[in-house]
Amino acid sequence: MNREGFVPIKTRLASTDLDFLEASRDDLLAFSELSLRLIDLHQPRDAGGITSDTAHPILRCRSCMWRWPCPTFRAITEAFSIGHDLGS
């Protein structure tokens, strides 16, 4: 890394590679924002049903109403290797 904070690249890149690299930062930020918004939407809530275990009520996703943790939340946490304690 040089004094300006850049890493000099001494290889030849195709124009499509340069286009990809130019857009990658914005794409990664947009993907991260989407993932955070999906996690925020897919959170547990009390299903409101009768249960014999009052200490551990049945939970459902507040967005899709699947049993918690819902498939969307599981897919996101698996893809990002987020700790499984969030979904339990």
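Since the model is a prediction, treat every value here as computed from it, not as a measurement.

A. Structural context of the overall build of the chain. Looking only at helices and strands, the chain has 2 helices and 2 strands in total. Written out in order from the N terminus, the α and β elements of the chain read α-β-β-α. The buried share of the chain, reckoned over its 88 residues, is 12%. A separation of at least 24 residues holds for 25% of the contacts in the chain among residues at least 6 apart in sequence. When the accessible surface of the chain is totalled, it reaches about 7600 Å², and 56% of it is carbon and sulfur.

B. Just the side chain of Ser35, in detail. Note on placement: Ser35 falls in helix α1 (residues 15-41). Once residues lying within four places of it in the same chain are set aside, the contact partners of Ser35 are Ile76 and Phe80.

C. Highlighting the pattern of salt bridges. Counted under the stated rule, the structure contains 1 salt bridge. For the salt bridge of Arg62 with Asp40, the shortest nitrogen-to-oxygen distance reads 3.7 Å. With Arg62 in the loop between β2 (59-61) and α2 (71-80) and Asp40 in helix α1, this pair connects stretches of sequence that are 22 residues apart.

D. Representation of the side chain of Thr77 within the structure. Among the structural elements, Thr77 can be located in helix α2. Side-chain polar atoms of Thr77 contact the backbone oxygen of Arg74, separated by 3.0 Å.

About the thresholds
- Residues numbered from 1 in each chain as written.
- Predicted model: local features only at pLDDT ≥ 70, side-chain atom pairs only at ≥ 80, totals over all residues.
- Heavy atoms only, no water.
- Helix = DSSP H or I, 4+ residues; strand = E, 2+ residues; numbered from the N terminus.
- Buried < 20%, exposed > 50% of the residue type's maximum accessible area, 1.4 Å probe, protein only.
- Contact = heavy atoms within 4.5 Å.
- Areas by Shrake-Rupley, 256 points an atom, 1.4 Å probe, with all protein chains shown as cover.
- Salt bridge = Lys/Arg side-chain N within 4 Å of Asp/Glu carboxyl O.
- Polar contact = N/O pair within 3.5 Å; in protein donor to acceptor, adjacent residues only side chain to side chain.

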